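Examining the three-dimensional arrangement
The residues making up each chain are set out below.
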Amino acid sequence: MQLRNPKLLRSESYFGGIWHSAENNHAFTVNNPATGKGIIDVADLNAIDAEHAIAAAHKAQPAWAALTVKERSKLLRRWFDLIMANQDDLALILTTEQGKPLAEAKGEIAYGASYIEWFAEEAKRVYGDIIAPPNNSQRLFVIKQPIGVVASITPWNFPNAMLARKAAPALAAGCTFVAKPAKETPLSALALAVLAEEAGIPAGVFNIICSSSSPTIGKVMTSSPLVSKLSFTGSTQVGKTLLEQCAGTVKKTSMELGGNAPFIIFNDANLDLAIKGLMTSKFRNAGQTCVCTNRIYVQRDIHDTFVEKLTAAMESLNTGNGTADGVNIGPLITTKAVAKVASLVDEAVANGASVKYVAKVNTNPGDTDTHFYPPTLISGVKNNMQISREEIFGPVAAITIFDTEEEVLAAANDTEFGLASYFYTNDISRVWRFGEALEYGIVGINEGLISNEMAPFGGIKESGFGREGSKYGIEDYMEIKYMCLGGI
Ligand code: NAP
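To start, this report covers the structure provided alongside it. Note on numbering: residues in each chain are counted from 1, in written sequence order. Owing to the predicted nature of the model, reporting of local features is limited to residues with pLDDT of at least 70; listing and counting of side-chain atom pairs is limited to 80 or more, with chain, interface and lining totals taken over all residues. Side-chain metrics rest on all non-hydrogen atoms present in the structure, leaving aside hydrogens and water.

Quick word on the sheet that holds strand 5 (residues 129-131)
Being paired, for any two strands, means DSSP has found at least two bridges between them. Put simply, DSSP H or I for four residues or longer makes a helix, DSSP E for two residues or longer makes a strand, and each gets a number counted from the N terminus. With antiparallel pairing, the three strands of this open sheet are ordered in space as 5-6-20. Edge positions in the sheet fall to strand 5 and strand 20 (478-485), since each has one partner strand and no second. The mean angle between the axes of side-by-side strands here comes to 25°, regardless of whether they run parallel or antiparallel. As judged from the eight bridges shared by strand 6 (residues 139-146) and strand 20, these two strands associate in the antiparallel manner. From the neighbouring strand, K144 faces strand 20, where its bridge partner is I480. Here the axes come from fitting lines to C-alpha atoms, over the contacting stretch only for helices, and the angles between their N-to-C directions go from 0 to 180 degrees.

With respect to a nonpolar patch on the surface
Where nonpolar side chains cluster on the molecular surface, the patch consists of V349, V355 and V358 and spans about 220 Å² of accessible area. Looking at the element boundaries, V358 is found in strand 14 (residues 354-358). Exposure remark for V358: the relative accessible area of 46% places this residue in the partly exposed category. Like charges within 9 Å and nonpolar side chains (Val, Leu, Ile, Met, Phe, Trp, Tyr) within 5 Å are joined into patches, using only residues over 30% in relative accessible area that form no salt bridge. Note that accessible areas follow from Shrake-Rupley with a 1.4 Å probe, and for residues the cover is restricted to the protein chains shown. By definition here, a salt bridge exists when the distance from a side-chain nitrogen of Lys or Arg to a carboxyl oxygen of Asp or Glu is within 4 Å. Each residue is placed in one exposure class: buried if its accessible area under a 1.4 Å probe, protein chains only, is under 20% of its type's maximum, exposed if it is over 50%, and partly exposed if it falls in between.

Quick notes on the environment of L76
Residue position: L76 is located in helix 2 (residues 69-85). Sequence separation of L76 and L171 is 95 residues, and the distance between their C-alpha atoms is 8.0 Å. Excluding its chain neighbours within four sequence positions, the residues that come into contact with L76 are I116, F119, A120, A168, L171 and A172. Note on contacts: a residue pair qualifies if any of its non-hydrogen atoms lie within 4.5 Å across the two residues.

Some words on unusual backbone geometry
A positive phi angle, near 55°, is found at N285, a position not held by glycine. Tracing the chain through its elements places N285 in the loop between helix 9 (271-283) and strand 13 (293-299). Using a relative accessible area of 2% as the deciding quantity, one classes N285 as buried. Here the phi dihedral of K461 falls at roughly 50°; this positive angle occurs in a residue that is not glycine. By secondary structure assignment, the location of K461 is in the loop between strand 18 (442-445) and strand 19 (464-465).

The following block contains the structure:
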């Protein structure tokens, strides 16, 4: 990997302001999913290391919270500036460990950094309340205080942004932060720690611990009395396990979990706009995002035209190594992920769905052929097929035909998930009626790209709770304290 700033590639973990090998000197290998080859061996931390990291964060928290909001804000701003100054290198690290095309990786670095910039400002906008008292001898007021030490576990699909989206509000609020990135993608997290240190964020405030055994680290984080909150992004299944584990110490939690996004195109929609939105929402990160379109519902009259237009659009997809010129779809994260996508398509086809288009994969010598799944279009999908029930997490567009608004609303809401949803229509009454009736935390209307730092991101139902970004995001890292002053 040719980095302009080679210091960004680290193999030790960072806590208490010091770079650490594992206590037992173990290490694990981080692989490039496009080539299947090892990039670097990273320190493999254990439970003892995790306890030390949490203790360091706990020790640092009072002094961090005691800084003025302007001082915290300045440090966050400096971190943001350094991230943007190193955007190209951070993107290359991200593509090498995660697979997404370089242009998309650069976009993720800017997207993650935007949360740090935003919360550097929001740190200054934490307000309390003064409440009318029930009698004249009292005054009632409400203040907000940092929760304390925040532990965090993040996934591989956005190794930079999912971390930045949590660390930024936590640090802005006056909390300290210990995160465990996914074992597939620890390098982006460690690079963020290099820049946090360079920005002057004090020792113990931002800590990254890498491990090949997430259950071990998860158990320490969820049971430690020094940790006041767990902020998790990942699958619903793991989220449920962590929630159970947090019950023992009654921790606050934020859960950004899985999705099963419907993308609905009504007869009256602007089809070209819908295709553009679908291409972004379906194929970004090779289909491996929690807000990726999972189920495409097309109204019967426009189905054939829609399939034609979507096929034409999919012909522009160029699948290969994310560092190669012109590639806009990278590999999937593991061979297991490829097998899962293949089995979902096979099951749908075996039950009557038909394959309309399969794109080519354009790998180069040195790339593996076991991590790529060709962008595929299938139609005739039914709501009871596995491909409609589970997150596909791959570049497969699966179309279901519908007739009426009532029918498609029932189908769209017929899932335990409730993260993102999308629909396209030019009927203004339907925009409100349908938007309000969708049981999702996020609704894109005539728009396929919905996430930014200014808007609240998060789900309902089994997609979790808590919001990231926006004016609401910092609240998840603060406690409300009510004070009653008597004797006036
Ligand atoms: P995952 O298997 O749940 O893993 C997520 C994180 O949890 C990783 O760091 C993983 O570590 C860790 N982990 C796994 N088992 C654990 C355990 N028993 N105890 C503690 N930690 C554990 O999910 P994934 O497949 O990596 O990520 C994709 C999922 O994340 C999808 O469901 C996607 O929808 C969801 N997601 C949600 C959002 C959102 O904002 N709602 C955003 C992005 C992704 P290791 O990998 O090192 O084992």
